[in-house]
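Each chain, written out:
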Amino acid sequence: METEQETPLQGLRRRDFVTALVLLGFCIVVFIESARLTFAIPASEQSLLTTPGIVPLFISSSLILMLTAIIVLSWRDGRFSGLFSSSAIISSLRTQDVLLKISHAGLLLVYVFLALGRVHFALATAAYLFAAMAISEDTKPWQCAPLATVISGAVYVVFGVFMKVPLP
Amino acid sequence: MIEAVLTQLTSLLTNPVLLAWMFAGVTLGIIVGAMPGLTATMSIAILVGLTYGLPTDLTFAIILSVYVGAIYGGSITAILLNIPGTASAAATALDGYPLAQQGKAGYALGITRLASFVGTLFGLLLLLAVAPLLSKFALAFTSVEMALLALFGVLISGFVASPDLKIKGWVAAFIGLLISLVGIDALHSVQRFTFGVPTLATGFAFVPVMIGVFGIAQIIDNIARPAGERIKQSGGIWPDFRGFAKYLPLSLRSGVIGTGIGIIPGAGEDLGGWLAYLSAKAASKEKDKFGKGSTEGIIAAETGNNASIGGALIPLLTLSIPGSAPAAVLLGALLLHGIRPGPTLMIEQPHVLPLFGAIMLLACFFLLIAGILVAKLFVKVLDTPPKYLMPIVAVMCVVGAYAINIRMLDVYVMLGFGLAFYFLHKQQYPMAPLVLGIILGPLIDENLRRTVMVHENLLDAFTRPIALTLLILIVALIALQFPFWRRKPAALASTSAPPTSD
């Protein structure tokens, strides 16, 4: 039996469903905390409407309503066959484009959390730039190394030395 | 007002260092706008951090020059690569690229430069004419009107900015509102959503969040994109002044549309460009030429999007409600430099509007000069592959986020928000309403609660004429959302997803 191919919009709605579910989780936490800030804190002499939790309570409840609407709508319009199957998830992650983006995000995390503040800014930046440039397809490391060094040095001199911008 | 602008202009013209920075700013803006993946908002967000230590007039001279340059710069790639450098140049690509294919790339670039010049100038004139009047009118606003106006701004921004479901725009805006409420409540000094983390007590710093949302998300999105195939720029560097003159009425009409759209919170330069383009097409005697290389098309689109700059600054300076995403980031810069935009700006800091006017006027002329002098040179930058460019932009983001408060926490916040909002960006959640939500959140929160504190009878507050009008507009806007629920999924037959907003 021939299966109909998924349209981009169906794919978008499928991912909308997952995104809205995650956001809904956050909103429920915010809603509970807002309710605490509204009702658990002694109300001012005027009314509950002046408590610090009232506006977030209104916002989080509106968000819960809107996200529920998106969940229902995306369930109606999306395609969900194999949504949570491990093979579908792995195959979607194994495309060149996605792998490259994940690698770059990872490099940025390493640069910010592990290198900056521990290693000299110019050194950490040169290492990051080299890795980020070299990681892409069809780039030659011997081209990236001088480029990364020169750019890192230029950023350090222009911002750190001439413009006196504080550097991490 | 004219006298004040001239005084500021004289002061700027006698400062060669500032002029050199402005020229560099316009040139940088053009390059940034031309590079697909780098946006005006992103560059302004990074610059807010990098220029933090500079004097106020120099800071805004650089930022506004980059803003003006970047909105025009998007048209270069739209014409030469058929890839709009910024979303605001999307309409320009429709006719600009066919013109380039016909061997008229130089002509198209020159005409769009003139159209951008006229558009920016027109927006500026309306800014200088309308802002003082709107300020006087806004002085009658009390806390209830301010809260409702800000809420209306957030809602309309979500409504117009969403490329997919309108409700996604509101979700983005409301998430922004929640982010803005993290920290100590200004009225009761109670910690909100800090969950026991002391560093969250001061809330999230605005600029690192902006840099993350507009910078990091764009970097990740564009890193794998191949460099575009550019059409060789042919023809002279001088724009066709005589050819442009006969399109002046069209340009002025597009300027009115662009400025009008710019005033709407969150609508931005892209909508200004599109509506001016569609209006020109509807009114044209040569409708069949549109999409095949119409000069009217590129003039309308470019005048419209550049005129939106002045339009976006009108509500920003008079009501503290930005008209576009770059204007929203500009608001962050104003606050950092101790300038509080709003109805009282003209009374407390009357030099700000004339200063902005003088800077924009000079930036307009620098746009023409930079275009002529370095046009052929800087289009070569377009050949830089994103794999080299994006990591450099990432380093700029880090430096910009750190420079504001000189603390690594802001860099972590920038990266965290950037990575998190990359996913929302890919899911067609617009970022402009999110930014507006972050900026206007405290305004809505404090003013709504202050209204309750001040008025014994809430009905009195909400039935004041302006408040009631705003309330009706808000209800109408919400009511407009309901048809989406009943819509049949006919669009599912379509093979393409809605366009990605930037």
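Notes on the structure in this doc start here. Just so it is clear, the model here is predicted, and its values are computed rather than measured.

This brings us to the packing of aromatic side chains. Residues and elements named next belong to chain B. Scanning all chains against the criterion turns up 11 aromatic pairs over all chains. With a centroid separation of 5.1 Å and 70° between ring planes, the pair formed by phenylalanine 117 and phenylalanine 365 is classed as edge-to-face. You can see phenylalanine 117 sitting in helix α6 (residues 105–138) and its partner phenylalanine 365 sitting in helix α16 (residues 352–378), a full 248 residues away along the chain. Ring pairing ties together the aromatic residues Phe204, Phe417 and Phe421, which thus form one cluster. Between lysine 166 and the ring centre of phenylalanine 159, over which it is positioned, the NZ or CZ distance is 5.7 Å.

So, on to the pattern of salt bridges. Residue and element names in this part refer to chain A. One pass over the full model with this rule turns up 12 salt bridges over all chains. The closest approach of N and O atoms between aspartate 16 and arginine 13, which form a salt bridge, is 2.8 Å. Separated by 3 residues within a single helix, aspartate 16 and arginine 13 lie in helix α1 (residues 8–40), roughly one turn from each other. The exposure class assigned to aspartate 16 is buried, which follows from its relative accessible area of 0%.

Our next topic: helix α13 (residues 295–319) of chain B. All names here are of chain B. In this model, α13 (25 residues) spans 37 Å end to end at C-alpha, consistent with the 36 Å of a helix rising 1.5 Å per residue. At isoleucine 309, α13 is bent by approximately 25°, the largest bend along its length. Burial within α13 is extensive, with 25 of its 25 residues counted as buried. At the N-terminal end of α13, a side-chain oxygen is found 3.2 Å from the backbone nitrogen of glutamate 296, two or three residues along, and the residue is serine 294.

Attention shifts here to a nonpolar patch on the surface. Residues and elements named next belong to chain A. A cluster of nonpolar side chains, contributed by Tyr156, Val157, Val158, Val161 and Phe162, occupies part of the molecular surface with about 430 Å² of accessible area. Summarising the element assignment, valine 158 is placed in helix α6 (residues 141–162). By relative accessible area, which is 39% here, valine 158 ends up partly exposed.

Further remarks concern the interface of chain B and chain A. Accessible area lost upon the coming together of the parts is a frequently used measure of interface size. At the interface, 64 residues of chain B touch 69 residues of chain A. Counting the contacts that link chain B with chain A gives 2 salt bridges. Lysine 101 of chain A is the partner of aspartate 221 of chain B in a salt bridge, and the nearest nitrogen-oxygen pair spans 3.8 Å. Those elements that provide at least two residues to the side of chain B that touches chain A are α8 (166–180), β2 (191–192), α9 (206–222), α17 (386–405), α18 (408–426), α19 (431–454) and α22 (483–486) of chain B. In terms of residues, the side of chain B that touches chain A owes the most to one element, α17 of chain B, which gives 11 residues. Across the side of chain B that touches chain A, the residue classes tally to 47 nonpolar, 7 polar and 10 charged.

Turning next to the packing of helix α11 (residues 248–263) of chain B against helix α12 (residues 268–283) of chain B. Residues and elements named next belong to chain B. The contact between α11 and α12 brings their axes to 8 Å, and the two run at 140°. The pairing of α11 with α12 is recorded here as oblique in orientation. For the crossing formed where α11 meets α12, the hand is right-handed. The residues of α12 that touch α11, namely those facing Leu250, Arg253, Ser254, Ile257, Gly258 and Ile261, are Gly268, Leu271, Gly272, Leu275, Ala276, Ser279, Ala280 and Ala283. Along the lines of polarity and charge, the residues of the contact of α11 with α12 split into 8 nonpolar, 5 polar and 1 charged.

Parameters and conventions
- Residues numbered from 1 in each chain as written.
- Chains lettered and ligands numbered in written order.
- Predicted model: local features only at pLDDT ≥ 70, side-chain atom pairs only at ≥ 80, totals over all residues.
- Heavy atoms only, no water.
- Phe/Tyr/Trp six-rings, centres within 6.5 Å; stacked < 30°, edge-to-face > 60°.
- Helix = DSSP H or I, 4+ residues; strand = E, 2+ residues; numbered from the N terminus.
- Lys NZ or Arg CZ within 6 Å of the ring centre and 35° of its normal.
- Salt bridge = Lys/Arg side-chain N within 4 Å of Asp/Glu carboxyl O.
- Buried < 20%, exposed > 50% of the residue type's maximum accessible area, 1.4 Å probe, protein only.
- Expected span 1.5 Å × (residues − 1).
- Bend = angle between axes of the 7 residues up to and from the residue.
- Polar contact = N/O pair within 3.5 Å; in protein donor to acceptor, adjacent residues only side chain to side chain.
- Patch = residues over 30% accessible without salt bridge, like charges linked within 9 Å, V, L, I, M, F, W, Y side chains within 5 Å.
- Areas by Shrake-Rupley, 256 points an atom, 1.4 Å probe, with all protein chains shown as cover.
- Contact = heavy atoms within 4.5 Å.
- Nonpolar A, V, L, I, M, F, W, Y, C, P; charged D, E, K, R; others polar.
- Axes fitted to C-alpha atoms, helices over the stretch in contact; angles between N-to-C directions.
- Parallel < 35°, antiparallel > 145°, perpendicular 65-115°, else oblique.
- Left-handed = near helix turned anticlockwise from the far one by under 90°.

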